[in-house]
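Below, each chain spelled out in residue letters.
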Amino acid sequence: MNYIESVNYIHSLLKFGIRPGLNGMDALLHLLGEPHKALKYVHVAGTNGKGSTSTAISNVLIEAGYNVGLYTSPYVTDFLERVQYNGEPIDREIFANSVTKVREAVEFLENQGTQITEFEALTAAAFMCFKALDCDLVVLEVGLGGRLDATNVIATPLVNVITSLSIDHSAILGNTIEEIAFEKCGTIKENGTVIASYGQPENAVKVIKKICLERDNSLVVPDESQIKVLDSGIFGVEFTYKNNVYKTSMAGFHQIKNMTCVIEACYVLRSFFKISDDDIYNGIEKTVLPARVEVISKLPLVILDGGHNEDGAKAFYDSVSPYLYKYDKICVVAGMMADKAVKTSLKPLIEYCDSFIAVTPDNPRAMSCDELAEIAKQFCDDVTAIPSPVEAVKTAVEALGENDALLVVGSLYLAGEVRETLLKLF
């Protein structure tokens, strides 16, 4: 298969399996020669902040001179944002060759009555890519949950990171924070080290501590008292932690939570790799992710964000709202999945903005622009419904004054549709 055929094949598989568990993934990797067993890992689980944390750890190790694989999700514009090598999408030919081998194994298993899902096949292909490239370390981000996630076939990682936990994907992971924490902590293996974000819900902390104790893991929680914020704004945050200065290129105090996890994880990794303080500083500063409080333009201000759940939306609002007073008018373009907490997620932004444009992202789960517009009318007088996200952002940009702000928010599916258009317009 060529690259396009390989991506189409991955997408052709089932999203979710008939039987939960890792048996199918184990069988698939066994047929492929157990590629995952040849690699070292940092395993990153959590509800919010996984992508920023994973990418930053990868960047630190790259700064230190190592060859690093990064497996993350979702992607915004390029499918291979999900499978990276040294900070770039992996070579398309290497990926296609790996998927070709995965397909042969999947078809064999299907003939034996074992169904392999899209995420399982992609994860197996990623393992094969990283083995072929002889990565020194792979930063492995959990797809969904943790305990039954396809990435959880690995043995004890060098370090396990649990980022901020909150209730999301309740139908799969559970309705309480304790159930969510239990699923996320399923990645914790025997005799490891866990870095858990500070500020977790108390009941989640109890679960994390219990599982670490049961599995003989050291637990490290970044010391919030050692943090001092030096400067903050839409373009990043500067802070000290344990007397060292760090600077993020992404807005929001929640990034301090993520980056202190990165710092503590790198302290642990110093037992295996040579990592300097400068490597940590530079890796953190270079970390930017598409559609995560991404500044497309500074004047007028245009920000793209894919915070898709209530906590993600709150983090975005908290990141930008203190700095929006200086702009004349604020327009919000938003599209959401119907199975998210739409009203509570978007209400603060809708109340804050001068005009609101509702769109329908190209996804079967999307809420229609008309339905979203009706919600928005409860909090804003100037509301428009435009089905096409691309037409909506073009309309919004045409109306922007030099000192206005445009915020495009609500879903990574929406971000993926409009990001290229926005970059071309600015």
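The structure this text deals with has already been given above.
The paragraphs below set out a description of the structure included in this document. (Residues numbered from 1 in each chain as written. Predicted model: local features only at pLDDT ≥ 70, side-chain atom pairs only at ≥ 80, totals over all residues. Heavy atoms only, no water.)

### Examining the pattern of salt bridges
Step number 1: Tallied over the entire structure, the rule returns 10 salt bridges.
Step number 2: The closest approach of N and O atoms between Asp277 and Arg270, which form a salt bridge, is 2.7 Å.
Step number 3: Accessibility expressed as a relative area gives 37% for Asp277, which makes it partly exposed.
Step number 4: Where Lys377 meets Glu374, a salt bridge forms, and the shortest distance between an N and an O atom there is 3.3 Å.
Step number 5: Of the residues examined, Lys377 reaches a relative accessible area of 47% and is grouped as partly exposed. (Salt bridge = Lys/Arg side-chain N within 4 Å of Asp/Glu carboxyl O. Buried < 20%, exposed > 50% of the residue type's maximum accessible area, 1.4 Å probe, protein only.)

### A word on the sheet that holds strand E16 (residues 383-385)
Step number 1: Here six strands make up an open sheet; going across it, the order is E12-E13-E17-E14-E15-E16 and the pairing mixed. Edge positions in the sheet fall to strand E12 (294-297) and E16, since each has one partner strand and no second. Averaged over neighbouring strand pairs, the angle between their axes works out to 20° when direction is ignored.
Step number 2: As judged from the three bridges shared by strand E15 (residues 355-358) and E16, these two strands associate in the parallel manner. Note that in E16 the partner of Ala358 across the bridge is Ala385.
Step number 3: Lying on the sheet, helix H15 (residues 412-425) is in contact with E12, strand E13 (301-304), strand E14 (330-334) and strand E17 (405-409); it crosses E13 at an angle near 150°. (Pairing = 2+ DSSP bridges. Helix = DSSP H or I, 4+ residues; strand = E, 2+ residues; numbered from the N terminus. Axes fitted to C-alpha atoms, helices over the stretch in contact; angles between N-to-C directions. Contact = heavy atoms within 4.5 Å.)

### Considering unusual backbone geometry
Step number 1: For the bond from Ser73 to Pro74, the omega torsion is -10°, close enough to zero to count as cis.
Step number 2: Secondary-structure assignment places Pro74 in the loop between strand E2 (68-71) and strand E3 (83-85).
Step number 3: Within the chain, Asn86 stands out as a residue other than glycine whose phi angle is a positive 50°.
Step number 4: Mapped onto the elements, Asn86 comes out in the loop between E3 and strand E4 (88-89).
Step number 5: For Ala291, which is not glycine, the phi dihedral falls at a positive 65°.
Step number 6: Counting through the fold element by element, Ala291 comes out in the loop between helix H10 (277-285) and E12.
Step number 7: Given the relative accessible area of 0%, Ala291 is considered buried.

### Things to note about the nonpolar core
Step number 1: The biggest cluster of nonpolar side chains holds 40 residues, and the ones touching the most others in it are Val83, Phe95 and Phe130.
Step number 2: Taken together, the elements giving at least two residues each to this core come down to helix H1 (3-12), helix H2 (23-31), helix H4 (92-111), helix H5 (118-132) and strand E5 (137-141).
Step number 3: For this core, the element with the highest residue contribution is H5, accounting for 10 residues.
Step number 4: Dropping the residues within four chain positions of it, Val83 is found in contact with Leu70, Tyr71, Glu88, Pro89, Ile90, Phe95, Leu122, Ala126 and Phe130. (Core = buried A, V, L, I, M, F, W, Y, C linked by side-chain atoms within 4.5 Å.)

### Topic: the side chain of Thr123
Step number 1: Mapping Thr123 onto the fold places it in helix H5.
Step number 2: A polar contact of 2.7 Å, which involves the side chain of Thr123, links it to the backbone oxygen of Phe119. (Polar contact = N/O pair within 3.5 Å; in protein donor to acceptor, adjacent residues only side chain to side chain.)

### A few points about the pairing of strand E6 (residues 159-162)
Step number 1: Both faces of E6 are covered, namely the face carrying Val159 and Val161 and the face carrying Asn160 and Ile162.
Step number 2: Pairing of strand E1 (residues 41-45) with E6, which is carried by four bridges, proceeds in the parallel orientation. Following the sheet pairing, Ala45 is matched in E6 by Ile162.
Step number 3: As judged from the three bridges shared by E6 and strand E7 (residues 193-196), these two strands associate in the parallel manner. Bridge assignment links Ile162 to a residue of E7, and that residue is Ala196.

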